[in-house]
Amino acid sequence: MISIRIFHALFGLTEPLTITVDPQLRTEMLFFGTLTDYESCPPGFHTVTVIGSESHRVYLQKTLPFFSPDAFTLAIIYSFRGMDVLPIPDYPCFTLSSSFACIRTVNLTNDPFRYQLSLYGNRTLFSDVWFRQITSHRRLSPGKHGIFLSLPGDTTPLIPSTFEARSDVSYTAFVYGALSGDTLSLLVQKDTPGSDQLPFQ
């Protein structure tokens, strides 16, 4: 089975979204900045449909392959061609251990800027992360971390945040929204499906 979750990173819509995968309802009334839990489905090709929850307008329909790895995050974004669905493979971090966590980042913003993700204490994790880029993982010590987003080469935080890293857990820092629209946001979440994930109906 494949695990899928959905992230609404589409800044600018005036209504929440309903997302279906094939004929089965995945989620409805999904607001900007919301990340669902993982749900399981069989591997193969699946058609993802994005619908306005209030207008019932079909914004997008796209067929995508889901074979490997075992988990994906489907990000609803704007691309240069309009609305799009970006499948983010939730690959495991190969350096996970009982002594370290792992973190990566993905840029889902609606603007042309590249971003830098750093820890307080002058440690840069990722720099020059461009739109749609999914970085590789980096090891991180367990514990509470102050983390911030900035423009490359600038130590002025645009978005500060904190999160608790646990050993043997992999995390993704989602950068979304738009600096130009004053909605730039940072969300750090673990990217490993749990045993309580929902079955595909």
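What comes next is a walk through the structure.

Pairing between sheet strands relies on hydrogen bonds along the backbone, with the strands arranged either parallel or antiparallel. As summarised here, the arrangement of the four strands in space is S12-S9-S15-S16, forming an open sheet in which the pairing is mixed. In the strand order of this sheet, the two ends are held by strand S12 (138-140) and strand S16 (185-190), each with one partner. If you compare each strand with its neighbour and ignore which way they point, the axes differ by 30° on average. As paired elements, strand S9 (residues 101-107) and strand S15 (residues 170-176) share six bridges and run parallel to each other. Note that in S15 the partner of Cys102 across the bridge is Ser170.

What follows deals with the packing of aromatic side chains. In this structure the tally under the stated criterion is eight aromatic pairs. Consider the rings of Phe7 and Tyr176, whose centres lie 5.0 Å apart with planes at 85°: the pair is edge-to-face. Taken together, the residues Phe7 in strand S1 (residues 2-8) and Tyr176 in strand S15 connect sequence positions 169 residues apart. Here Phe7 and Tyr176 have matching classes, each one buried. Between Phe11 and Phe32, the ring centres sit 6.2 Å apart and the planes meet at 55°, which makes this aromatic pair tilted. With Phe11 in the loop between S1 and strand S2 (17-21) and Phe32 in the loop between strand S3 (24-30) and strand S4 (39-41), this pair connects stretches of sequence that are 21 residues apart. Given the relative accessible area of 27%, Phe11 is considered partly exposed. Counting every residue linked through ring pairs, the aromatic cluster contains Phe7, Phe11, Phe32, Phe174 and Tyr176. A cation over a ring is seen here: Arg139 above Phe100, with NZ or CZ 3.9 Å from the ring centre.

Definitions and limits used
Residues numbered from 1 in each chain as written. Predicted model: local features only at pLDDT ≥ 70, side-chain atom pairs only at ≥ 80, totals over all residues. Heavy atoms only, no water. Pairing = 2+ DSSP bridges. Helix = DSSP H or I, 4+ residues; strand = E, 2+ residues; numbered from the N terminus. Axes fitted to C-alpha atoms, helices over the stretch in contact; angles between N-to-C directions. Phe/Tyr/Trp six-rings, centres within 6.5 Å; stacked < 30°, edge-to-face > 60°. Buried < 20%, exposed > 50% of the residue type's maximum accessible area, 1.4 Å probe, protein only. Lys NZ or Arg CZ within 6 Å of the ring centre and 35° of its normal.

Shape descriptors only; they carry no functional weight alone.
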